[in-house]
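Residues per chain are reported as follows:
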Amino acid sequence: MIPELGTIPPLYLGLAILFVVSLLLGRVPVLGTAIRLAVWVGLAIVLVNVAGQRQRLDPYIGRFLDRLNMDSQQVVGDEVRIKMSPDGHFWARAKIGGLDRRMLVDSGATVTALSSATAEQAGLKVRDEVFPVLIRTANGTITARTSTVPELWLGDIVARDLAVIVSPAFGEVDVLGMNFLSKLKSWRVEGSTLILVPNHPQKPRDSEAPRRPRPAGA
């Protein structure tokens, strides 16, 4: 399963049709002007909503907004090392709202994805977007809902205000995607170990002495 953000073809097609109609009716003095104005206002509203939605979920847009200081999501903490599991994947032990979960770290996933059961148990508020979020997976395209994780802990790393998608189609698998990984200073694989390096290491809570990186894998 690779959750990847899809597009909204029916929406874009409808807007294109409205735009063409407004051009065709542009020769009608009063009616044409009114229709064009309505279309442009509609387009502006749609673009604002779509941009806001994609900004929260898409790590590439997030990087651009980081430079403008428009993204409130933060990832801080100490370096975390995760050993590869026998199945060839990297599984991290994360904490979401006090709920311990085993999550697949997947750089091929655009956005972090949670099962409906995990979102419910963690007490997350799941919402429907104004425009549906379409996700491409190995089993086809699905519609997902969205939510925000106030704090997701991974070893000594904490991600705050992390946007996630939620769907029963994910089964029992929870995935840490690129919108989490892209907030790190770096991440790399050395041998059979995944190393996550945050931007702003946290100071030790109980001591001023530096701590060694803690493993967070299963």
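The model shown is predicted, which means the values in this text are computed figures rather than measured ones.

Asks: Got a minute to help me understand the overall build of the protein chain in this structure?
Replies: Helices and strands together make up the secondary structure of the protein chain, namely five helices and 13 strands. When burial is assessed residue by residue, the protein chain has 42% of its 218 residues classed as buried. A total of about 12,100 Å² of accessible surface is found on the protein chain, and carbon and sulfur atoms cover 59% of it.

Asks: Help me understand the pairing of strand E3 (residues 80–83) in this model?
Replies: Successive side chains on a regular strand alternate, one facing one side of the sheet and the next facing the other. Taking every second residue as pointing to the same face, the buried face of E3 carries Val80 and Ile82, while none of Arg81 and Lys83 on the other face is buried. With four bridges connecting them, E3 and strand E12 (residues 193–197) associate as antiparallel partners. Residue pairing across strands places Lys83 opposite Thr193, the latter belonging to E12.

Asks: It is not clear to me how the confidence of the model for the protein chain should be interpreted in this structure. Could you clarify?
Replies: With 57% of its residues at a pLDDT of 70 or more, the protein chain shows a mean pLDDT of 75. The low-confidence segment residues 67–72 (pLDDT under 50) makes seven contacts with residues lying over four places distant or belonging to another chain. This stretch, residues 204–213, has a pLDDT under 50; its non-local contacts, to residues over four places away or in other chains, come to nine contacts.

Asks: How should I be thinking about the pattern of salt bridges in this particular structure?
Replies: Pairs can form between side chains of opposite charge whenever their charged atoms are close. Scanning all chains against the criterion turns up six salt bridges. The closest approach of N and O atoms between Glu151 and Arg160, which form a salt bridge, is 3.3 Å. The class for Glu151 is partly exposed, based on a relative accessible area of 32%.

Asks: Help me understand the side chain of Thr118, please; the structure alone is not making it clear to me.
Replies: Relative to the elements of secondary structure, Thr118 occurs in helix H4 (residues 116–121). Only 3.1 Å separates the side chain of Thr118 from the side chain of Arg101, close enough to count as a polar contact. Aside from chain neighbours lying at most four places away, what touches Thr118 is Ile96, Leu99, Arg101 and Asp174.

Asks: Looking at this structure, I do not really get the pairing of strand E7 (residues 133–137). What am I missing?
Replies: Within E7, four of the five residues are buried, which leaves it mostly tucked inside the rest of the structure. Of the strand pairs in this sheet, E7 and strand E8 (residues 140–154) are connected by five bridges, and their pairing is antiparallel. If you follow Arg136 over to E8, its bridge partner there is Thr141.

Asks: How do you make sense of unusual backbone geometry when you look at a structure like this?
Replies: Outside of glycine, negative phi angles account for most residues, and trans bonds account for most peptide bonds. Here the phi dihedral of Asp161 falls at roughly 55°; this positive angle occurs in a residue that is not glycine. By relative accessible area, Asp161 is classed as partly exposed at 38%.

Asks: Which parts of the structure should I look at to understand the environment of Arg127?
Replies: Within the fold, Arg127 resides in the loop between H4 and E7. Remark: the alpha-carbon pair of Arg127 and Thr146, spanning 19 residues in sequence, is separated by 5.5 Å. Within the structure, the side chain of Arg127 is placed 3.0 Å from the side chain of Thr148, a separation counted as a polar contact.

Asks: Can you walk me through the environment of Gly88 in this structure?
Replies: Here Gly88 is to be found in the loop between E3 and strand E4 (91–96). Along the sequence, Gly88 and Ser192 sit 104 residues apart, while their C-alpha atoms lie 8.9 Å from each other.

Asks: Explain the nonpolar core to me, please; I cannot follow it from the model alone.
Replies: In summary, soluble globular proteins display a tendency toward joint burial of nonpolar side chains. Among the nonpolar cores identified, the biggest contains 29 residues, and Ile82, Val105, Leu114, Val149, Leu152, Phe180 and Leu196 are the most heavily contacted of them. For this core, the leading source of residues is strand E9 (residues 157–166), giving five residues. Among the nonpolar cores identified, the runner-up in size contains twelve residues, and Trp91, Ala109, Val133 and Ile165 belong to it.

Asks: Sorry, what's going on with the environment of Thr143 here?
Replies: Note that Thr143 resides in strand E8. Among the residues examined, Thr143 registers a relative accessible area of 53% and is labelled exposed. C-alpha of Thr143 to C-alpha of Ser167: the two residues are 24 residues apart in sequence and 7.6 Å apart in space.

Calculation rules
- Residues numbered from 1 in each chain as written.
- Predicted model: local features only at pLDDT ≥ 70, side-chain atom pairs only at ≥ 80, totals over all residues.
- Heavy atoms only, no water.
- Helix = DSSP H or I, 4+ residues; strand = E, 2+ residues; numbered from the N terminus.
- Buried < 20%, exposed > 50% of the residue type's maximum accessible area, 1.4 Å probe, protein only.
- Areas by Shrake-Rupley, 256 points an atom, 1.4 Å probe, with all protein chains shown as cover.
- Pairing = 2+ DSSP bridges.
- pLDDT = per-residue confidence, 0-100.
- Contact = heavy atoms within 4.5 Å.
- Salt bridge = Lys/Arg side-chain N within 4 Å of Asp/Glu carboxyl O.
- Polar contact = N/O pair within 3.5 Å; in protein donor to acceptor, adjacent residues only side chain to side chain.
- Core = buried A, V, L, I, M, F, W, Y, C linked by side-chain atoms within 4.5 Å.

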